[in-house]
Amino acid sequence: MKRKQIEIAVLALLVLVAGGCALFTSHFDAMRQQNFTNLQALHEKFIEDYTEGAGKEWSEETVKRVCDAGDLRFREALTYAAAKDDKAKTGERAVRNLYDQFTADCKFALKRNKLFGTAWSGEHLKELRLNYRYAVSGELSRVGAPQ
Amino acid sequence: MSNLNELLKETGDEVKDAIRKEYKELLDAGKQESEPVVKETAEKVEQWLKMRAEGSLDNDELEELMSARRRTVQQFILSQEIKSRAHLERVSLGLLDLVMNKLVGKVLT
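**Comments concerning the packing of aromatic side chains**
Residue and element names in this part refer to chain A. Enumeration according to the criterion identifies nine aromatic pairs over all chains in this entry. With 5.9 Å between their ring centres and 90° between their planes, Phe46 and Phe116 make a pair best called edge-to-face. Placement of the pair is Phe46 in helix H2 (residues 30-49) and Phe116 in the loop between helix H4 (90-112) and helix H5 (118-140), with a sequence separation of 70 residues. Since its relative accessible area comes to 2%, Phe116 is described here as buried. Grouped by ring-pair contacts, the aromatic residues Phe46, Tyr50, Phe74, Tyr99, Phe102, Phe108, Phe116 and Trp120 constitute a single cluster.

**Considerations on the pattern of salt bridges**
Note that side chains of opposite charge can pair when their charged atoms are close. The full count for this structure, using the stated rule, is 20 salt bridges over all chains. Note that Lys126 of chain A is salt-bridged to Glu123 of chain A, the shortest N-O span being 3.1 Å. Of this pair, Lys126 of chain A and Glu123 of chain A both sit in helix H5, three residues apart, which is roughly one turn of that helix. The residue Glu43 of chain B makes a salt bridge to Lys39 of chain B at a minimum N-O spacing of 3.3 Å.

Rules used throughout
- Residues numbered from 1 in each chain as written.
- Chains lettered and ligands numbered in written order.
- Predicted model: local features only at pLDDT ≥ 70, side-chain atom pairs only at ≥ 80, totals over all residues.
- Heavy atoms only, no water.
- Phe/Tyr/Trp six-rings, centres within 6.5 Å; stacked < 30°, edge-to-face > 60°.
- Helix = DSSP H or I, 4+ residues; strand = E, 2+ residues; numbered from the N terminus.
- Buried < 20%, exposed > 50% of the residue type's maximum accessible area, 1.4 Å probe, protein only.
- Salt bridge = Lys/Arg side-chain N within 4 Å of Asp/Glu carboxyl O.

Here it is as structure tokens:
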């Protein structure tokens, strides 16, 4: 009788876990975390390099070139994240959020056709750093993340 | 022209006052929130509106900061979702380990 009860309990748990798999998400991936770090550096440098200041110069051509190069790096990170994801797509969504922000920043720069203002830039960089921090924090919450 | 510019151009003084009042109530409510990201959002919005009023930001810049804030909050929400899903997996698999290793082992031996 006891053995039968144990077998039923194990079966119930297996069903629970199998059903719960849809509720889990992809495990920690070191490359995905590294990508967040690299993208953050690229993104912050873009904002800083094109903010008003001594010796800074606006060049539409240069900004377009920098934005194209950045776009490629984000695409690579997005493709990698999508390849490692499960149905929940949490990795892809995290990168997509940051990619959309970078794209918006490029559009903003080119629309205004001038360097970013220092007040705006200061506030925006604080926001960017928070966004990347949350992205990394999400990655480090995954099963298998280093303790 | 930004959406904010268009909105302010089209609305009369009474509507602007109503919008100001509603913003103030929302901001005050946000600042009382216990959830840090909500409180932080309310404080930032208030600060940026002040910067706009003082002229340190223009309407387009204000709008871009608001959009960036929206993305930051969405990233925060996603990070919480990841934490919950990972926790669920750890608990489920932990339960299985407990049953398989401790109870089944004892019954079969």
